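Results of the structural survey
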Amino acid sequence: GRMDQCCAFGPRPVLMTFDGDRLDCEELSLKSTLHLVIVELDGTKDTTVILQRLTKCYPVPDDDAQRGVHELLGAINQRIVRAA
């Protein structure tokens, strides 16, 4: 999928902005060390269901939960990335 395109950048931090069929990529210059937290919750997941639910959030969210996802993966995410 489109997220696989991030692999082409290698170990460099890149802000990827998806808008419909458009993809903008901006290499980031970090001000400090970027720490990643990876968590295994020892649970199960259904990737198909997760992607179906994410797809329903775009392009226009239908309810508060979808609006929250829209905001979190959009403006909030961009603020966090730019502040890093």
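Residues numbered from 1 in each chain as written. Predicted model: local features only at pLDDT ≥ 70, side-chain atom pairs only at ≥ 80, totals over all residues. Heavy atoms only, no water.

**So, the pairing of strand β1 (residues 14-19)**
As judged from the six bridges shared by β1 and strand β2 (residues 22-27), these two strands associate in the antiparallel manner. Directly across from Leu 15, in β2, lies its bridge partner Glu 26. (Pairing = 2+ DSSP bridges. Helix = DSSP H or I, 4+ residues; strand = E, 2+ residues; numbered from the N terminus.)

**A word on helix α2 (residues 64-83)**
Structurally, the α-helix is built with 3.6 residues per turn, so residues lying three or four positions apart point the same way. Compared with the 28 Å implied by 1.5 Å per residue over 20 residues, the 26 Å span of α2 between its first and last C-alpha is a close match. Its axis deflected by about 40° at Asn 77, α2 carries its strongest bend there. (Expected span 1.5 Å × (residues − 1). Bend = angle between axes of the 7 residues up to and from the residue.)

**Here we look at the pattern of salt bridges**
Overall, the coordinates contain three salt bridges when judged by the stated rule. Arg 12 serves as the salt-bridge partner of Glu 27, at 3.6 Å between the closest nitrogen and oxygen. Highlighted residues: Glu 27 in strand β2 and Arg 12 in the segment before β1, separated in sequence by 15 residues. Taking the shortest distance from any N to any O, the salt bridge between Asp 24 and Arg 22 comes out at 3.0 Å. (Salt bridge = Lys/Arg side-chain N within 4 Å of Asp/Glu carboxyl O.)

**Some points on the confidence of the model for the protein**
In the predicted model, the protein carries a mean pLDDT of 83, and 95% of its residues have values of at least 70. By mean pLDDT, the top-scoring element of the protein is α2 (88), and the lowest-scoring one is β1 (82). (pLDDT = per-residue confidence, 0-100.)

**Quick word on a nonpolar patch on the surface**
A cluster of nonpolar residues, Ile 50, Leu 51, Leu 54, Tyr 58, Leu 72 and Leu 73, forms a patch on the protein surface that exposes about 520 Å² of accessible area. Put simply, the parts of the chain that give the nonpolar patch at least two residues each are α1 (47-56) and α2. Of all the elements, α1 adds the most residues to the nonpolar patch, at three residues. Mapped onto the secondary structure, Leu 73 falls in helix α2. Look at Leu 73 and you get partly exposed, because its relative accessible area is 47%. (Patch = residues over 30% accessible without salt bridge, like charges linked within 9 Å, V, L, I, M, F, W, Y side chains within 5 Å. Areas by Shrake-Rupley, 256 points an atom, 1.4 Å probe, with all protein chains shown as cover. Buried < 20%, exposed > 50% of the residue type's maximum accessible area, 1.4 Å probe, protein only.)

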